[in-house]
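Each chain is listed here by its residues.
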Amino acid sequence: MERKRTDCPALPPGWKKEEVIRKSGLSAGKSDVYYYSPSGKKFRSKPQLSRYLGNSVDLGSFDFRTGKMLPGKLSKNRQRQRHDVSLSKGGKLDLNTALPIRQTASIFKQPVTKVTGHPGNKVKSDLQRASEQPRQLFWEKRLKGLRSSDVTEEFLRTMELPPGLTSVAPDSSDATLLSAIASALHAGSAPVTGQTSAAAEKNPAVWLNAAQPLCRAFTVTDQHIREQELKVDQARKSLEEALLADGLARAQELSL
DNA sequence: GCCACCGGTGGC
DNA sequence: GCCACCGGTGGC
């Protein structure tokens, strides 16, 4: 019979795809496609597969019949997906933007792992470094075009960056740089210093400091600090005045 | 009771 | 008109 269970390139090892040709009836000659999970569960439609995998997996561009990811096939779900790129329904970090992620043509997100324990490896290993996750060079480029919005889906106003901050990434806008710096501040506890090696621009594969955003090194002067202090001071004064006015208004309301 | 298999149909 | 999806059932 025409019964071939094959590996499926878009699915992890263990998943099988099967195509069964109909032998009789009005639909003889047509075929049905089934998938089998590693545990042996049979799937006969994309919705069924989707339900099983949960909403953390995007099957939008997965073609059930061929078993491949079709780049041109972005479903109507696309609009929705743009809004919650980094947070899945449960509020957990979605690996789609929790980096680094291997960019393969698989419906499953595959985190990058760093292998340091090759047998026979004579190189002295640095235990500190071995424990840290590798990061993909220029991953910040994937922040491009993403903007924050409020609950009404209205775009929020973005901040202006000080003129001293410039990007080392090719083809990078101010907005992307802002996202990259914000990500660095949010994701790590280390201070953001930017790329301190000038060689990073010429040969990023060797010299780029992946722990730092794609931002040229900058210096913070006493002047900068004073300006920032002034801003905070002004903000505090404004707040004080607002609270005072509010308190007066309430008091007046009560005495009426 | 299970499931391989084909029919029927809703949505495009 | 096509076909993805799923209901239904005959055979085991």
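Residues numbered from 1 in each chain as written. Chains lettered and ligands numbered in written order. Predicted model: local features only at pLDDT ≥ 70, side-chain atom pairs only at ≥ 80, totals over all residues. Heavy atoms only, no water.

Attention now goes to the overall build of chain A. A count of helical and extended segments in chain A gives seven helices and eight strands. Here chain A holds 256 residues, and the buried ones make up 23% of them. Taking contacts inside chain A between residues at least 6 apart in sequence as the whole, the part at least 24 apart equals 39%. Summed over all atoms, the accessible surface of chain A reaches about 19200 Å², with 54% contributed by carbon and sulfur. (Helix = DSSP H or I, 4+ residues; strand = E, 2+ residues; numbered from the N terminus. Buried < 20%, exposed > 50% of the residue type's maximum accessible area, 1.4 Å probe, protein only. Contact = heavy atoms within 4.5 Å. Areas by Shrake-Rupley, 256 points an atom, 1.4 Å probe, with all protein chains shown as cover.)

Turning to the protein's contact with DNA strand C, a few remarks are in order. In the region of DNA strand C, the neighbouring residues are Lys30, Arg44, Ser45, Lys46, Pro47 and Arg65. Each atom of DNA strand C within 4 Å of the protein belongs either to a base or to sugar and phosphate, the latter forming 64%. Within the side chain of Ser45, a nitrogen or oxygen atom sits 2.4 Å from a phosphate oxygen of DNA strand C. Split into classes, the residues belonging to the surface near DNA strand C amount to one nonpolar, one polar and four charged. (Near = heavy atom within 4 Å. Polar contact = N/O pair within 3.5 Å; in protein donor to acceptor, adjacent residues only side chain to side chain. Nonpolar A, V, L, I, M, F, W, Y, C, P; charged D, E, K, R; others polar.)

Glancing now at the pattern of salt bridges. Counted according to the given criterion, the structure contains five salt bridges. A salt bridge links Lys16 to Asp7; the nearest nitrogen and oxygen atoms lie 2.7 Å apart. (Salt bridge = Lys/Arg side-chain N within 4 Å of Asp/Glu carboxyl O.)

Per-residue confidence for chain A averages 74 on the pLDDT scale, and 68% of its residues sit at or above 70. The least confident element of chain A is helix 2 (residues 78-83), whose mean pLDDT is 39; the most confident is strand 4 (residues 42-43), at 96. Between residues 75-99, whose pLDDT stays under 50, and residues either more than four places distant or in other chains, the model counts 26 contacts. Scored below 50 in pLDDT, residues 125-131 makes two contacts in the model with residues more than four places away or belonging to other chains. (pLDDT = per-residue confidence, 0-100.)

Before going further, it helps to spend a moment on the pairing of strand 3 (residues 31-36). Of all six residues in strand 3, five are buried; the element is thus mostly enclosed. Sheet topology note: the strand 3/strand 4 ladder contains two bridges and is antiparallel. Bridge assignment links Tyr35 to a residue of strand 4, and that residue is Phe43. Turn length for the strand 3-strand 4 hairpin, with the two strands adjacent in sequence and antiparallel, is five residues, and the turn residue Gly40 shows positive phi of about 100°. (Pairing = 2+ DSSP bridges.)

Along the chain, the position of Ser31 falls in strand 3. Residue Ser31 is classed as buried on the basis of its relative accessible area of 12%. Here Glu19 takes part through its side chain, which lies 2.7 Å from a polar atom of the side chain of Ser31. Residues within four places of Ser31 in sequence aside, it is in contact with Glu19, Val20, Ile21, Arg22 and Arg65.

The final tally for this structure, using the stated rule, is five aromatic pairs. When the ring of Trp15 is compared with that of Tyr52, the centres are 6.4 Å apart and the planes differ by 70°; the resulting orientation is edge-to-face. Linking Trp15 in the loop between strand 1 (3-7) and strand 2 (16-21) with Tyr52 in helix 1 (residues 46-53), this pair joins segments that are 37 residues apart in sequence. Relative accessible area serves as the criterion here: at 42%, Tyr52 is assigned to the partly exposed category. Taking 5.9 Å as the distance between ring centres and 55° as the angle between the ring planes, the aromatic pair formed by Tyr35 and Phe62 counts as tilted. (Phe/Tyr/Trp six-rings, centres within 6.5 Å; stacked < 30°, edge-to-face > 60°.)

Moving on, we get to the environment of Leu143. Mapped onto the elements, Leu143 comes out in the loop between helix 3 (127-130) and helix 4 (174-187). Among the residues examined, Leu143 registers a relative accessible area of 15% and is labelled buried. Sequence-distant contacts of Leu143, defined by excluding residues within four places in its chain, comprise Thr176, Ser179, Ala180 and Ser183.

Now for helix 4. Over its 14 residues, helix 4 extends 20 Å from the first C-alpha to the last, a length consistent with the 20 Å expected when each residue adds 1.5 Å. Restricting attention to buried positions, one finds in helix 4 the residues Thr176, Leu177, Leu178, Ala180, Ile181 and Ala184. (Expected span 1.5 Å × (residues − 1).)

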